[in-house]
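So you can see what is in the structure, the chains are spelled out below.
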Amino acid sequence: MEIVRLLDIRDAPLSLDEVFAAVSDPSSGGTCLFVGTVRDHDQGDQVSDLSYSSHPTALDRLREVAERIGSEEDVVALAATHRIGDLAVGDLAVVVGASAGHRPAAFAACRRLIDELKHEVPVWKQQTFSSGDQAWL
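The structure displayed is predicted, hence computed values, not measured ones. (Residues numbered from 1 in each chain as written. Predicted model: local features only at pLDDT ≥ 70, side-chain atom pairs only at ≥ 80, totals over all residues. Heavy atoms only, no water.)

**A word on helix α1 (residues 16-23)**
Rules: Only protein chains enter the accessibility calculation, which uses a 1.4 Å probe. A residue is then buried if its area is under 20% of the maximum for its type, exposed if over 50%, and partly exposed in between. Numbering of helices and strands runs from the N terminus; a helix is a DSSP stretch of H or I covering at least four residues, while a strand is a stretch of E covering at least two. It is the directions from the helix axis to the C-beta atoms whose arc is reported. Residues are treated as being in contact if the distance between any of their heavy atoms lies within 4.5 Å. Distance and chemistry together define a polar contact, namely a pair of N or O atoms within 3.5 Å, with one atom able to donate a hydrogen and the other to accept it when in protein, and with adjacent residues in sequence counting only for side-chain atoms on both sides.
Residues of α1 that are buried include every one of V19, A22 and V23, and no others. Viewed end-on, α1 has its buried residues packed into an arc of 90 degrees, placing them on one side of the element. In this structure, α1 carries D17 and A21 as exposed residues pointing more than 90 degrees from its buried face. Buried positions along α1 lie against β1 (4-10), β2 (30-37), β5 (77-83) and β7 (92-100). Sitting at the amino-terminal end of α1 is S15, which places a side-chain oxygen 3.2 Å from the backbone nitrogen of D17.

If you want it as structure tokens, here you go:
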């Protein structure tokens, strides 16, 4: 079975159950999920609106990242989903998962997957603050 089992960038709500199911495997003794949610503030400013957008190559870049991690880490399965479009405070923005024979490898791969996704995959966040100011990240 493939190591990279689910990758998507979508404008529909994300599901923890979907990512968990994708990385579940009878050979795994540890499963780790990371969930990124929209918070109501950033650097001391109140966030009123938030929108994510992505480059057309974002899913391809996400696949490259996940496949690289899958080949370099001792994991059984990886999955990642990222939301685009308008989100509200509390919405799931990103969900990644990793499973492995033992928990240290699952934690390490999950951490690496979210960190490298955020660093290398062209998904951008536009925040609008209660002051009316906007910021792109």
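**Examining the environment of I9**
Note on placement: I9 falls in strand β1. Assessed through its relative accessible area of 15%, I9 is described here as buried. Between the C-alpha atom of I9 and that of Y52, which follows or precedes it by 43 residues, the distance is 10 Å. With sequence-adjacent residues up to four places away left out, I9 is seen in contact with S54, A58, L59, L62, H82, I84, V121 and V123.

**Some words on the layout of surface pockets**
Filter applied, for reference: Both site types are read off a 1 Å grid over the protein atoms alone. A 1.4 Å probe that fits but cannot get out defines a cavity, while an open set with protein on both sides within 12 Å along at least five of seven lines defines a pocket; lining residues have an atom within 4 Å of a point. Grid points are joined across faces, edges and corners, and a volume is the space filled by probe spheres set on the points. Classification used: nonpolar for Ala, Val, Leu, Ile, Met, Phe, Trp, Tyr, Cys and Pro, charged for Asp, Glu, Lys and Arg, polar for all others including Gly.
Quantified by volume, the largest pocket comes out at close to 290 Å³. What lines the largest pocket is a set of 19 residues, and nearest its centre among them are Y52, H82, V94, K118 and K125. Counting residues per element, the ones that place at least two in the lining of the largest pocket are β2, β4 (45-54), β7, α3 (103-120) and β8 (123-129). Ranked by residues supplied to the lining of the largest pocket, first place goes to α3 with four residues. Classifying every residue of the lining of the largest pocket gives eleven nonpolar, four polar and four charged.

**Here we look at a nonpolar patch on the surface**
Under the convention used in this document: Only residues whose relative accessible area exceeds 30% and that form no salt bridge are eligible for patches; like-charged ones are grouped when within 9 Å, while nonpolar side chains (Val, Leu, Ile, Met, Phe, Trp, Tyr) are grouped when within 5 Å. Method for areas: the Shrake-Rupley scheme with a 1.4 Å probe, in which residue coverage is limited to the protein chains shown. One side-chain nitrogen of Lys or Arg within 4 Å of one carboxyl oxygen of Asp or Glu is enough to make a salt bridge.
On the surface, L16, F20 and L33 cluster together to form a nonpolar patch covering roughly 240 Å² of accessible area. Within the secondary structure, L16 is located in helix α1. Judged by relative accessible area, which is 37%, L16 ranks as partly exposed.

**Concerning the pairing of β7**
This is how the line gets drawn: A pair of strands counts as paired when DSSP detects no fewer than two bridges linking them.
Of all nine residues that make up β7, eight are buried, and the element is covered over most of its length. Relative to β7, β2 runs antiparallel, the two sharing eight bridges. Across the sheet, residue G30 finds its bridge partner in β7, namely A100. As judged from the six bridges shared by β5 and β7, these two strands associate in the antiparallel manner. Its bridge partner lying in β7, A77 is registered against S99.

**Comments concerning the side chain of R83**
Within the secondary structure, R83 is located in strand β5. Among the polar contacts made by the side chain of R83, one reaches the main-chain carbonyl oxygen of A12 at a distance of 3.4 Å. Apart from the residues within four sequence positions on either side, R83 is in contact with R10, D11, A12, P13, L14, Y52, D91, L92 and A93.

**Considering the pattern of salt bridges**
By the definition in use, this model includes 14 salt bridges. A salt bridge links E120 to R61, with the nearest nitrogen and oxygen atoms 3.1 Å apart. Here E120 is found in helix α3, whereas its partner R61 is found in helix α2 (residues 58-72), with 59 residues between them in sequence. For the salt bridge of E72 with R112, the shortest nitrogen-to-oxygen distance reads 2.3 Å. Residue E72 is located in helix α2, and its partner R112 is located in helix α3; the two are separated by 40 residues in the primary sequence. Classification of E72 as partly exposed rests on a relative accessible area of 49%. Look at R112 and you get buried, because its relative accessible area is 18%. Several salt bridges converge on common partners, so that one network encompasses R61, E64, R68, E72, E73, R112, E116 and E120.

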